[in-house]
Amino acid sequence: MTSDITASPIRLGISSCLLGEQVRFDGGHKRDTFINEALGQFFEFIPVCPEVAIGLGIPRQPIRLVGDAAAPRAVGVRDPDLDVSNALTIYGTRMARELNDISGYIFKKGSPSCGMERVKVYQTGQPSKNGTGLYARAFMDGQPLLPAEEEGRLGDPVLRENFIERVLAYRRWQELLTLGLTPARLVEFHTIHKLNLMAHGVEHYRALGQIVAAAGTKGLRQRAENYIADFMTALKHRATRKRHTNVLMHIMGYLKKNLDREDKAELLELIEAYRLGQVPLIVPITLLKHHFRRHPDPYIARQIYMDPHPAELMLRNSI
Ligand code: SF4
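Residues numbered from 1 in each chain as written. Predicted model: local features only at pLDDT ≥ 70, side-chain atom pairs only at ≥ 80, totals over all residues. Heavy atoms only, no water.

S.K.: I'd love a proper account of the pairing of strand S2 (residues 43-48), names of residues and values included.
M.R.: Residues in a regular strand project their side chains so that they alternate between the two faces of the sheet. Note: strand S1 (residues 10-15) against S2, six bridges, orientation parallel. Of the residues in S2, the one forming a bridge with glycine 13 is isoleucine 46. Viewed along the sheet, the connection from S1 through helix H1 (residues 33-38) into S2 turns out right-handed. (Pairing = 2+ DSSP bridges. Helix = DSSP H or I, 4+ residues; strand = E, 2+ residues; numbered from the N terminus. Right-handed = clockwise from strand over helix to strand, strands pointing away.)

Take a look at the structure:
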């Protein structure tokens, strides 16, 4: 089966306070157990505290977003004349350029600097909750393809699995570019992700296939840019139980000549139990892998879907 973690570490940008660094305005931290103890075994973290980096110091006056939610300012809570909007934006743009080898980013939710979404923006009256931290905004604008998530959302098993799937796929794309973009490598990338894409909606696989199908090297760079932009967007679509069920049935089709009636019935029963939410995805996948060990299939063996992330993370045990 396809192995996903390569020899060199996969790097993730992260808000420093999530690692337990005491960089918050009050000298505290927001250490996150799952990130440190589970993800920390497989990823190398690159911690960034933008507020410290722009010279606000520890401890410091807290800041907040004010004004128009589409283009808020970051100012001091006690002293509104302290306006660090430009400093945070410039720093975010700079870091997006410098951290060009990371494969994902975990931002601290709710922060006027690091929050990805639903950050409070104070106007007159009640604050709205639809802002984005200014550092995070500038960073994501600088690296629009980079998988990004907040630690709060990583508590949701589906979003957690989705984030890691996107990080590892993006990493494979980065490796492809390092090796050198060729038509054959683009086709291979698309082929090994077929089942992943199907789990996010079969229409994505077809649409992306059309981009790949154009032959030759003419316009290859542009085609690849279009491809990866659509690919990363496709992976953000929720992989539902219904879609996973379709994928499992599709995979089972590769075993139809090898399984006897009892084996088929058992497999179908487990896939149905998964569809109904009675067992997690890992259960039918484990049985499928068991059958493919006895009856290997070269196409299925190349599919990232069969082995998408380190088993120790147990990401498929709760979806
Ligand atoms: S949320 Fe961002 S700016 Fe605030 S302490 Fe954490 S890393 Fe620093």
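S.K.: Could you give me a rundown of the site of the ligand, with the residues and numbers involved?
M.R.: Close to the ligand lie 14 residues, the nearest being Cys17, Cys49, Glu51, Lys108 and Cys114. Split into classes, the residues belonging to the shell around the ligand amount to six nonpolar, four polar and four charged. (Near = heavy atom within 4 Å. Nonpolar A, V, L, I, M, F, W, Y, C, P; charged D, E, K, R; others polar.)

S.K.: Would you mind going over the confidence of the model for the chain in detail, with residue names and values included?
M.R.: When pLDDT is averaged along the chain, the result is 95; 97% of the residues meet or exceed 70. Note that pLDDT drops below 50 for residues 1-5; the model gives that stretch 18 contacts with residues more than four away or on any other chain. (pLDDT = per-residue confidence, 0-100. Contact = heavy atoms within 4.5 Å.)

S.K.: Tell me about the pattern of salt bridges, and please be specific about residues and values.
M.R.: Tallying each qualifying case throughout the model produces 16 salt bridges. With a closest N to O distance of 3.3 Å, arginine 137 and aspartate 141 form a salt bridge. Of this pair, arginine 137 and aspartate 141 both sit in helix H4 (residues 134-142), four residues apart, which is roughly one turn of the helix. Look at aspartate 141 and you get exposed, because its relative accessible area is 51%. The closest approach of N and O atoms between arginine 302 and glutamate 188, which form a salt bridge, is 2.5 Å. Remark: glutamate 188 occurs in helix H6 (residues 183-192) and arginine 302 occurs in the segment after helix H13 (298-301); sequence separation between them is 114 residues. Judged by its relative accessible area of 34%, glutamate 188 is partly exposed. Counted as one network, the salt bridges with shared partners bring together Glu117, Arg118, Glu149, Arg153 and Arg166. (Salt bridge = Lys/Arg side-chain N within 4 Å of Asp/Glu carboxyl O. Buried < 20%, exposed > 50% of the residue type's maximum accessible area, 1.4 Å probe, protein only.)

S.K.: Tell me about the packing of aromatic side chains, and name the residues and values.
M.R.: Two measures describe an aromatic ring pair: the distance that separates the ring centres and the angle between the ring planes. Scanning the model with the defined rule gives 13 aromatic pairs in all. Seen in terms of ring centroids, tryptophan 173 and phenylalanine 189 are 5.1 Å apart; in terms of plane orientation they differ by 75 degrees. Their pairing is edge-to-face. One end of the pair, tryptophan 173, is in helix H5 (residues 157-179); the other, phenylalanine 189, is in helix H6, and 16 residues separate them in sequence. One exposure class covers both tryptophan 173 and phenylalanine 189, and it is buried. Relative to tyrosine 299, the ring of tyrosine 254 lies with its centre 5.4 Å away and its plane at 20 degrees, an arrangement referred to as stacked. Here tyrosine 254, found in the loop between helix H10 (241-252) and helix H11 (261-275), pairs with tyrosine 299, found in helix H13; they are 45 residues apart in sequence, far enough to count as distant. (Phe/Tyr/Trp six-rings, centres within 6.5 Å; stacked < 30°, edge-to-face > 60°.)

S.K.: Let's hear about the environment of histidine 244: which residues, and what values?
M.R.: Residue position: histidine 244 is located in helix H10. On the basis of relative accessibility, which here comes to 4%, the residue histidine 244 falls in the buried class. Histidine 244 sits 175 residues away from alanine 69 along the chain, and the two C-alpha atoms are 37 Å apart. Apart from the residues lying within four places of it in its own chain, the contact partners of histidine 244 are Ala199, Ala239, Tyr274, Leu281 and Tyr305. At 2.7 Å, the side chain of histidine 244 and the side chain of tyrosine 305 are in polar contact. (Polar contact = N/O pair within 3.5 Å; in protein donor to acceptor, adjacent residues only side chain to side chain.)

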